[in-house]
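A structural walkthrough
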Amino acid sequence: MSDRGHVFIVSGPSGSGKSTVLGVVFKNRPDIYFSVSATTRSPRPGETDGVEYMFITEDKFNEMVEKDLFLEHARYAKCSYGTPREPVEERLRAGTDVIMDIEVQGARQVKERMPEAISVFIAPPSLDELERRLRGRSTESEDKIKLRLETAKKELLEAESYDHVVVNDDYMRAAGELLDIINNA
Ligand code: 5GP
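What you are looking at is a predicted structure, and each value in this text was computed from that prediction instead of being measured. (Residues numbered from 1 in each chain as written. Predicted model: local features only at pLDDT ≥ 70, side-chain atom pairs only at ≥ 80, totals over all residues. Heavy atoms only, no water.)

Turning our eyes to something else, we now look at the overall build of the protein. Helices and strands together make up the secondary structure of the protein, namely seven helices and nine strands. Its C-alpha radius of gyration of 16 Å places the protein within 12% of the 16 Å reference for a compact globule of 185 residues. For the protein, the spread of C-alpha atoms along the principal axes amounts to about 45 × 40 × 30 Å. Relative to its full complement of 185 residues, the protein shows a buried share of 46%. Accessible surface for the protein amounts to roughly 9,800 Å². Of this, 51% is attributable to carbon and sulfur atoms. Charged side chains in the protein number 26 positive and 34 negative. The centres of these two groups are separated by 3 Å. (Helix = DSSP H or I, 4+ residues; strand = E, 2+ residues; numbered from the N terminus. Rg over C-alpha atoms; globule rule 2.2 N^0.38 Å. Buried < 20%, exposed > 50% of the residue type's maximum accessible area, 1.4 Å probe, protein only. Areas by Shrake-Rupley, 256 points an atom, 1.4 Å probe, with all protein chains shown as cover. Lys, Arg positive; Asp, Glu negative; His and termini not counted. Charge placed at Lys NZ, Arg CZ, Asp CG, Glu CD.)

Here's what the structure looks like:
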């Protein structure tokens, strides 16, 4: 057995409440490294460069792709997202567990490269509830909400390819279920 850390891939459509669930997980397990992705989307109010994401330009993103600096990368809702490889590798070598909050195409790429990674899909209780949450957030324009809703419908079809599906009917309950998966790995 190696002492490498475990990789947890956590996916879930925009509005699934994944960030809230992950917030509870990190409170309970502050030792886990949260992989900070690079993205070309603009920061939302309250987001800080280097904390939620590294906010970079398309040019810089493409440069990082060419230099093979990403473990995985994908287009999502007309923006690019990628997981910088080295910070993840460094933590895993040191025996630290890593959580990646990434969408389904990226999850597939990580599973191919790291078959031992444990994948968890956070699902909303229903599509109606998902739409209600997306609108309630009201940080996005109607076009963007529609695009995210369409993307979410496609993503839900992928749930069964994950090792675990956690339904976020209640965020504390869902966080408890995710913590059990992590603590038992
Ligand atoms: P948001 O723009 O709402 O923060 O994220 C949109 C989607 O991009 C979410 O499903 C999130 O999990 C995903 N995402 C965030 N970072 C990455 C990444 O590095 N790679 C991939 N493939 N998806 C990401």
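Strand order in the open sheet formed by five strands is β2-β7-β1-β8-β9, and the pairing between neighbours is parallel. Looking along the sheet, the strands with just one partner apiece sit at the ends: β2 (33–34) and β9 (164–167). Sheet topology places β2 next to strand β7 (residues 98–101); two bridges connect them, and they run parallel. Bridging from a neighbouring strand, Phe-34 pairs with Ile-99 of β7. In the packing of helix α4 (residues 104–113) onto the sheet, contacts are made with β1 (7–11), β7 and β8 (118–123), and the angle to β1 comes to roughly 160°. (Pairing = 2+ DSSP bridges. Contact = heavy atoms within 4.5 Å. Axes fitted to C-alpha atoms, helices over the stretch in contact; angles between N-to-C directions.)

What follows deals with the sheet that holds strand β5 (residues 70–76). If you trace the four strands from one edge of the open sheet to the other, you get β4-β3-β6-β5, paired in mixed fashion. Sheet topology places β4 (53–55) and β5 at the edges, where each strand pairs with a single neighbour. When the angles between neighbouring strand axes are averaged without regard to direction, this sheet yields 25°. In this sheet, strand β6 (residues 79–84) lies alongside β5 in antiparallel orientation, the contact comprising six bridges.

Of note in this structure, Asp-68 is not a glycine but carries a positive phi near 60°. Within the chain, Ala-77 stands out as a residue other than glycine whose phi angle is a positive 45°. Examined against the element boundaries, Ala-77 turns out to sit in the loop between β5 and β6.

This brings us to the packing of aromatic side chains. Evaluated as defined, the whole model comprises six aromatic pairs. Here the aromatic rings of Phe-26 and Phe-34 are separated by 5.5 Å at their centres, their planes lie at 80°, and the arrangement is edge-to-face. On the basis of relative accessibility, which here comes to 26%, the residue Phe-34 falls in the partly exposed class. An aromatic cluster of three or more residues is present, and its members are Tyr-53, Phe-55, Tyr-76 and Tyr-81. The ring of Tyr-33 carries the charged tip of Arg-91 above its face, separated from the ring centre by 3.9 Å. (Phe/Tyr/Trp six-rings, centres within 6.5 Å; stacked < 30°, edge-to-face > 60°. Lys NZ or Arg CZ within 6 Å of the ring centre and 35° of its normal.)

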